[in-house]
Amino acid sequence: MRETFPDSFMFGGAIAANQAEGAFKQDGKGLSTADIQPYLPNVPKTELHFNNMDSKALSNYINGDYYYPKRQGVHFYERYQEYIDALAQMNCQTLRLSVAWTRIFPNGDEDKPNEKGLQFYDNLFNYMHKKGIEPIVTINHYELPLNLVQKYGGWYNRKLIDLFVHYSKVILQRYHKQVKYWIVINQINLIHLEAFASLGILQDKVKNYRQAKYQAVHHQFIASAQVTEYAHQLDSSLKMGVMLADSLSDPLTPSPADTLRTFKKIGYSIILVMLQFVENTPNSF
């Protein structure tokens, strides 16, 4: 085992546009699914993650009188230089962040991008490099344009493959000289906890909600492959990666009870997805 980190290892931080930027209507930005996520302290976690969303709930979140923390974030949009300065002072070498789809295409299906949105990320990446911070950029991090939910039915509609690839090509063309490291879709394996945030499906608009989620993530896989292929053709030096959700745990003691509890904690989400798949496709095994 190594006793030290290799010279190429980068220490850094991680944020997402929907968590940090705020400025949810500034400079032409459109509404995303994150912008309608209210603070609901007394509601179960599954609802906080927008699982099992239907048209009634969506309308309530769009028009309700709630506090929406992601609309303000930490004001990174206006104060990004302060945060990058702080990272540099801590001798961090990298920051993982995301581009907000709705800053580039406010509705998600426009032909031409929003130049003010593109310019923000130009300024951000240039400043990061000035301070010695290497950007690692996620193209899609739970920031689906709300219009794509209402007009197309989210990722269940195959049309979103083309729309997402179009968006991805625009930012890859624009930033491939500034950004070397890319993640296409954040936590693509977390559809059992982040179904609406990631996929944008309304369960009352599909015949079989569970089946629709698997069809939608299939479309995300296709889009990811097309984006990765395009990136390598555009610039062979680009590094295209993946970010998967994981919750590694160790048992407190060697006892069977603690071992079983740990197994359930690690494996429950994976087993749940597998069982749901088998239930809907009985001839798959």
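Values in this document were obtained by computation on a predicted structure and should not be read as measured data.

Asker: Break down the nonpolar core for me, citing the residues and quoting the values.
Answerer: Counting residues in hydrophobic clusters, the biggest one holds 69 residues, and the most contacted among them are Tyr121, Leu124, Phe125, Phe164 and Trp182. The contacts of tyrosine 121, once residues within four sequence positions are left out, are Ala17, Glu21, Ser98, Val99, Ala100, Arg103, Ile104 and Tyr175.

Asker: Tell me what's going on with the packing of aromatic side chains, and back it up with residues and numbers.
Answerer: Per the counting criterion, the structure on display carries 19 aromatic pairs. Summarising the aromatic geometry, the rings of tyrosine 61 and tyrosine 66 are spaced 5.9 Å apart at their centres and angled 65° between planes, so their arrangement reads as edge-to-face. What makes tyrosine 61 buried here is its relative accessible area of 8%. Judged by relative accessible area, which is 28%, tyrosine 66 ranks as partly exposed. With a centroid separation of 6.5 Å and 90° between ring planes, the pair formed by phenylalanine 105 and tyrosine 167 is classed as edge-to-face. Remark: tyrosine 167 occurs in helix H8 (residues 159-175) and phenylalanine 105 occurs in the loop between helix H5 (101-104) and helix H6 (115-130); sequence separation between them is 62 residues. In terms of burial, phenylalanine 105 and tyrosine 167 fall into one category: buried. Following the ring pairs from residue to residue traces out a cluster consisting of Phe76, Tyr77, Tyr80, Tyr83, Phe120, Tyr121, Phe125, Tyr127 and Tyr175. When the ring centre of tyrosine 68 is taken as origin, the NZ or CZ atom of arginine 71, which lies over that ring, is 3.9 Å away.

Asker: Explain empty space enclosed by the protein to me, and be specific about the residues and the numbers.
Answerer: Empty space left among the atoms is revealed by rolling a probe the size of a water molecule over them. As enumerated under the stated definition, the model contains 3 cavities of 30 Å³ or more in all. The space that makes up the largest cavity amounts to roughly 70 Å³. Lining the largest cavity we find 14 residues, and of these Ala17, Asn18, Lys29, Asp35 and Glu143 sit closest to its centre. Of all the elements in the fold, those that place two or more residues in the lining of the largest cavity are helix H1 (17-20) and H5. A class-by-class count of the residues in the lining of the largest cavity yields 4 nonpolar, 4 polar and 6 charged.

Rules behind the numbers
Residues numbered from 1 in each chain as written. Predicted model: local features only at pLDDT ≥ 70, side-chain atom pairs only at ≥ 80, totals over all residues. Heavy atoms only, no water. Core = buried A, V, L, I, M, F, W, Y, C linked by side-chain atoms within 4.5 Å. Buried < 20%, exposed > 50% of the residue type's maximum accessible area, 1.4 Å probe, protein only. Contact = heavy atoms within 4.5 Å. Phe/Tyr/Trp six-rings, centres within 6.5 Å; stacked < 30°, edge-to-face > 60°. Helix = DSSP H or I, 4+ residues; strand = E, 2+ residues; numbered from the N terminus. Lys NZ or Arg CZ within 6 Å of the ring centre and 35° of its normal. 1 Å grid on protein atoms, 1.4 Å probe; cavity = no way out; pocket = protein on both sides within 12 Å on 5 of 7 lines; lining within 4 Å. Points joined across faces, edges and corners; volume = space filled by probe spheres on them. Nonpolar A, V, L, I, M, F, W, Y, C, P; charged D, E, K, R; others polar.

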